[in-house]
Amino acid sequence: MWDAYQDARFGFVTAAVPGLIADLVHATDQHGGTSEVRCQRLLAMTYQVCTTVLTKRGAAELACVTARRGYDLAEQAEERIVLASLSRSVSHALLAAGRCDDALGVISDAAERLGQPASSSSPTYVSVYGTMCLTGSMAAARARDRTYTKELLREARAAAQRIGTDANLLWTAFGPTNVAVHAVSTAMELGDAQQALELGTQVDAKGLPTERRARHDIELARAHSAIGDRDTAVQHLLAAEHAAPEQVRSHPLSRQLARTWVHRTRNRPDESLNSLATRLGVG
């Protein structure tokens, strides 16, 4: 499921995940001891991937439900890494629902409860903690808290330096490049389009999973659109669609951008924009 998500095959995840959840719920009920804990862990991570797809598809309220279920299972399993990962999931869902303060509170509470990575911490925990900081930076940016945004990005950058490369431990896609991608996104959330573009030109996202690469192109499309460079913005969105058509066609931000471009075009939109708007259902 996670591999499919990172490949931006959201339809596959949506179709397969209900059956997997049902199987894992049954398995959890049937087992005890370490086997039950393993089932709880797997079920928690399944709820998390379900949450990520729901947020991409704009189903924020349902994402909050699945995120909460996953978090509760992670607590039952008493696995620190999984709990940190699910804290990120809960925050993402709240952020998608427009509850920025709550999303930020989840990250702050989790960081205090779980603690910063120690020198003996595993690379997986460092990766999950760093990704949790990235989620928090987005929440802080939407809450217009520049200071906390920078602080969380610094923490994430320090964690990425410990990893030393663009890894994908526990499907986090965490490393220096993902931190750089989030620096672009937080700049846009804070209204700094020019800074986002300056940072964006320095990012080489080729080594990231498809979902991350496409999301970065969507962000660059938003940045170029914000400074009035619609043609370049359209090209970035088309590049994202080429890499991850399901992601772009269901993502609220890409649909909003295309709708805005069409509405602001005085004459008939050019063929590439008109076709894109039609595929996104906003033409």
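This text gives an overview of the structure that appears in the document.

## Quick word on the packing of helix α9 (residues 176-189) against helix α10 (residues 193-200)
A pair of packed helices can be characterised by two numbers: the angle between their axes and the separation between those axes. It is at 8 Å that the axes of α9 and α10 come closest, and there the two elements cross at 170°. By the angle between their directions, the pair α9 and α10 is classed as roughly antiparallel. Residues Ala-183, Val-184, Ala-187 and Met-188 of α9 pack against Ala-193, Gln-195, Ala-196, Leu-199 and Gly-200 of α10.

## Quick look at the pattern of salt bridges
Under the criterion given, the structure shown has 18 salt bridges. Between Arg-215 and Glu-219 there is a salt bridge whose closest N-O contact spans 3.1 Å. Here Arg-215 pairs with Glu-219, and both are found in helix α11 (residues 210-226), just four residues apart, close to one helical turn. Overall, Arg-215 belongs to the buried group, its relative accessible area being 10%. Of the charged contacts in the structure, one is a salt bridge between Arg-230 and Asp-270, with a shortest N-O distance of 2.9 Å. Here Arg-230 is found in helix α12 (residues 230-243), whereas its partner Asp-270 is found in the loop between α14 (252-264) and α15 (271-279), with 40 residues between them in sequence. Taking relative accessible area as the criterion, Asp-270 reaches 32% and is therefore assigned partly exposed.

## A word on the nonpolar core
By size, the foremost hydrophobic cluster in this structure holds 77 residues, and its most contacted members are Tyr-5, Leu-86, Phe-174, Leu-237 and Trp-261. No other element matches the 10 residues that helix α7 (residues 123-142) contributes to this core. Each residue touching Leu-86, except ones within four places of it in the same chain, is listed here: Ala-44, Met-45, Gln-48, Ala-67, Gly-70, Tyr-71 and Ala-74.

## A closer look at the packing of α12 against α15
Interhelical geometry of α12 versus α15 gives an angle of 45° and a closest axis separation of 11 Å. Between α12 and α15, the crossing angle belongs to the class labelled oblique. In terms of crossing hand, the pair formed by α12 and α15 is left-handed. Contacts between α12 and α15 involve Arg-230, Val-234, Leu-237, Leu-238 and Glu-241 on the former and, on the latter, Ser-272, Leu-273, Leu-276 and Arg-279. For the contact of α12 with α15, the residue count by class is five nonpolar, one polar and three charged.

About the cut-offs
- Residue numbers run consecutively from 1 along every chain, following the written order of its sequence.
- Note on the predicted model: pLDDT of at least 70 is required for a residue's local features to be given, and 80 or more for side-chain atom pairs to be given and counted; whole-chain, interface and lining totals, by contrast, use all residues.
- The basis for the side-chain values is all heavy atoms of the structure; hydrogens and waters are excluded.
- To obtain an axis, a line is fitted to C-alpha atoms, over the contacting stretch when the element is a helix, and the angle between two such axes runs from 0 to 180 degrees between their N-to-C directions.
- Strands here are runs of E lasting at least two residues and helices are runs of H or I lasting at least four, both read from the DSSP assignment and numbered beginning at the N terminus.
- Angles are sorted into four bins: roughly parallel if under 35 degrees, roughly antiparallel if over 145, roughly perpendicular if 65 to 115, and oblique for all others.
- Only heavy atoms enter the contact rule, under which two residues are in contact if any of them lie within 4.5 Å.
- The rule for a salt bridge is simple: a side-chain nitrogen of Lys or Arg has to be within 4 Å of a carboxyl oxygen of Asp or Glu.
- Buried residues are those whose accessible area, probed at 1.4 Å on protein chains only, stays under 20% of the maximum for their type, while exposed residues exceed 50% and partly exposed ones sit between those limits.
- In these notes, a set of buried Ala, Val, Leu, Ile, Met, Phe, Trp, Tyr and Cys residues joined through side-chain atoms within 4.5 Å is what counts as a nonpolar core.
- Each crossing gets its handedness from the near helix: less than a right angle anticlockwise from the far helix is left-handed, clockwise is right-handed.
- Classes in brief: Ala, Val, Leu, Ile, Met, Phe, Trp, Tyr, Cys and Pro nonpolar; Asp, Glu, Lys and Arg charged; the others, Gly included, polar.

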